[in-house]
Amino acid sequence: MASTRKSSITCPKSSQKTSQDEDEAWTCAKCTKIFREPEAQLMECQRCKEHFCITCLKKTKAEYSMLCKTDAMWFCGKCRIVMEQHAVTDIEIEKRKSRENNLIVFGIPEIDEESKEVRENADKERLNELFKDCKIQLDKENLKTVKRLGKFNKEKLNRPILVKLPSAEPKITLFRNIHYIKTNPKYEKVGVSNDLTQAEREQEKRLWDQARRQTEEEVSGDYHFRVRGPPWARKVVKLRKLDS
Ligand SMILES: [Zn+2]
Ligand SMILES: [Zn+2]
């Protein structure tokens, strides 16, 4: 049953049993009107179990009868929004989960070599060195997948590297030990980031927009705002201009 009042009502929160001898009554969750007559036209939300009168739902009697005849579940507006948000979140969680052992490394030049295998091995060597310099012991075999993103281009030998690790641990340690990279002239042009989902990239962009705005509004001129922090706790921070 799609919907509705009488037949599908088992134990509605909003219905008020007035007394033992009287019939059930339903309260519209929106206008709070109480309906007692058996032919009262209300819809029951299958999620929150609240009732809504057709006046509040802006439905005609004909539409109401149609809805009662279909097998489709009916949900109130509030519940529909919540369910949509959850659906998106679930997909997003899945996406993040599938990337949680991934790492993106920027700024490591690739070698000009036709053989993909040779290039890949060279990349693995460089990555191993990077991990070692960050005090992370990682066997070369542990670099499960090392892949340059985008098409090979002899003119631009600097594609980002996607690294799939056996677990998230070495990555977390790498982010914690990031100062080893930041303070080493050898890695002047090297950066690391999480393998961000579209939503995370948008969030990152929002943070940078906010940082830019706050910098513009900063009156003393001694500070600027930047986005800092490990991937799981990115935030806008205020920095003295000389320090960063
Ligand atoms: Zn109502
Ligand atoms: Zn509902």
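Not measured: the values here are computed from a predicted model.

Undergrad: Outline the confidence of the model for the protein chain, supporting the account with residue identities and numerical values.
TA: For the protein chain, the mean per-residue pLDDT works out to 84, and 88% of the residues sit at or above 70. The secondary-structure element of the protein chain with the lowest mean pLDDT is helix α2 (residues 77-98), recorded at 85, while strand β4 (residues 51-53) shows the highest, at 95. The low-confidence segment residues 1-21 (pLDDT under 50) makes 48 contacts with residues lying over four places distant or belonging to another chain.

Undergrad: Before we move on, could you go through helix α3 (residues 116-133) and cite the residues and values that matter?
TA: The first and last C-alpha atoms of α3 sit 26 Å apart over 18 residues, in line with the 26 Å expected at 1.5 Å per residue. Among all positions in α3, only Asp123, Leu130 and Phe131 are buried. Buried residues of α3, viewed axially, fall in a sector of 95°; they line one side. Those residues of α3 that are exposed and angled more than 90 degrees off the buried face are Glu117, Val118, Glu125 and Lys132. Taken together, the buried residues of α3 touch β6 (145-148), β7 (161-164) and α4 (169-176). Just beyond α3, the residue with positive phi is Lys135, at close to 60°.

Undergrad: Pulling in residues and values, what's your account of the nonpolar core?
TA: Of all hydrophobic cores here, the largest spans 12 residues; its members are Leu103, Val105, Ile108, Leu130, Phe131, Cys134, Leu138, Leu143, Ile161, Val163, Leu174 and Val192. Elements represented by at least two residues in this core include exactly β5 (102-106), α3 and β7. Setting aside anything within four residues of it in sequence, one finds Phe131 in contact with Ile136, Leu138, Pro170 and Leu174.

Undergrad: Please provide a residue-by-residue account of the sheet that holds β6, values included.
TA: Spatially, β6-β7-β5-β8 is the arrangement adopted by the four strands of the open sheet, whose pairing is antiparallel. Edge positions in the sheet fall to β6 and β8 (191-194), since each has one partner strand and no second. Pairwise comparison of adjacent strand axes, ignoring direction, gives a mean angle of 25° for this sheet. Of the strands in this sheet, β5, β6 and β7 touch α3, which is tilted by about 110° from β6.

Undergrad: Tell me about unusual backbone geometry, residues and numbers included.
TA: A negative phi angle characterises most non-glycine residues, just as the trans form characterises most peptide bonds. Notably, Thr32 is not glycine yet its phi reads approximately 60°, a positive angle. Within the secondary structure layout, Thr32 lies in the loop between β1 (26-27) and β2 (34-35). Residue Thr32 is classed as exposed on the basis of its 10 C-beta neighbours within 10 Å. Its identity is not glycine, yet Lys49 carries a phi of approximately 65°, on the positive side. We classify Lys49 as partly exposed; it has 17 C-beta atoms within 10 Å.

Undergrad: Which residues make up α4, and what values do they have?
TA: Buried within α4 we find Pro170, Lys171 and Leu174. Axial view of α4: buried residues confined to an arc of 100°, hence all on one face. Tucked inside the fold, the buried residues of α4 contact β5, α3 and β8.

The rules behind these values
- Residues numbered from 1 in each chain as written.
- Chains lettered and ligands numbered in written order.
- Predicted model: local features only at pLDDT ≥ 70, side-chain atom pairs only at ≥ 80, totals over all residues.
- pLDDT = per-residue confidence, 0-100.
- Helix = DSSP H or I, 4+ residues; strand = E, 2+ residues; numbered from the N terminus.
- Contact = placed C-beta atoms within 7 Å.
- Expected span 1.5 Å × (residues − 1).
- Buried ≥ 20, exposed ≤ 12 C-beta atoms within 10 Å, placed from the backbone.
- Arc of directions from axis to C-beta.
- Core = buried A, V, L, I, M, F, W, Y, C linked by C-beta atoms within 7 Å.
- Pairing = 2+ DSSP bridges.
- Axes fitted to C-alpha atoms, helices over the stretch in contact; angles between N-to-C directions.

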